[in-house]
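# Architecture at a glance
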Amino acid sequence: VQLQASGGGLVQAGGSLRLSCAASGRTSSSYNIGWFRRAPGKGREFVATISWSGDSTDYADSLKGRFTISRDNAKNTVYLQMNSLKPEDTAVYYCAAVASNWRLYRDAQNYDYWGQGTQVTVSS
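Given the structure is predicted, the values throughout are model-derived calculations rather than measurements.

What counts and how
Residues numbered from 1 in each chain as written. Predicted model: local features only at pLDDT ≥ 70, side-chain atom pairs only at ≥ 80, totals over all residues. Heavy atoms only, no water. Disulfide = S-S within 2.5 Å. Helix = DSSP H or I, 4+ residues; strand = E, 2+ residues; numbered from the N terminus. Buried < 20%, exposed > 50% of the residue type's maximum accessible area, 1.4 Å probe, protein only. Pairing = 2+ DSSP bridges.

### Side note on the state of the cysteines
What the rule picks out here adds up to one disulfide. Disulfide partner of C21: C95, at an S-S distance of 2.2 Å. Handedness here is read from the sign of the S-S torsion; for C21 and C95, about 75°, the answer is right-handed. Pair noted here: C21 is in strand β3 (residues 17–24) and C95 is in strand β9 (residues 91–99), with a separation of 74 residues, a long-range link. Comparing C21 with C95 shows no difference in burial state: the two are buried.

### Notes on the environment of V92
On the secondary structure map, V92 appears in strand β9. It is 6.4 Å that separates the C-alpha atoms of V92 and A39, two residues lying 53 residues apart in sequence.

### Some thoughts on the pairing of β9
Relative to β9, strand β4 (residues 31–38) runs antiparallel, the two sharing eight bridges. Looking at β9, one finds that R37 is bridged to Y93. In terms of strand pairing, β9 meets strand β11 (residues 118–123) through three bridges, oriented antiparallel. Among the inter-strand pairings, V92 is bridged to a residue of β11, identified as Q119. Strand direction decides the pairing type here: β9 and strand β10 (residues 113–114), joined by two bridges, are antiparallel. Within the sheet, the bridge partner assigned to A97 lies in β10 and is Y113.

Just distances and angles here, no functional claims.
Below, the structure is given as structure tokens:
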């Protein structure tokens, strides 16, 4: 499966962005999708994940309430709605896929496919 992340950009603190992760290829298979980010000079950080059905989600504790993950399987697309953005949210955001099972993963090592990333910059 191929993943294409988009929707990043420059936004002022307090603003919102919606990222998209479009899947193509073997999309007839069921995949859980995760969002991760890498800020300048820092390691990769888990953001959120969603099951193939969309029934189950998980978020990084520090982001709960500001970020919302959702998906539209008819469009083979997963979204990450980011509200009340802060300068510390500045990072390259990546989406990733893993064949779905009952478990949602926070560890990036569990994911098999990765998109190219989209830059999010939040100005103060």
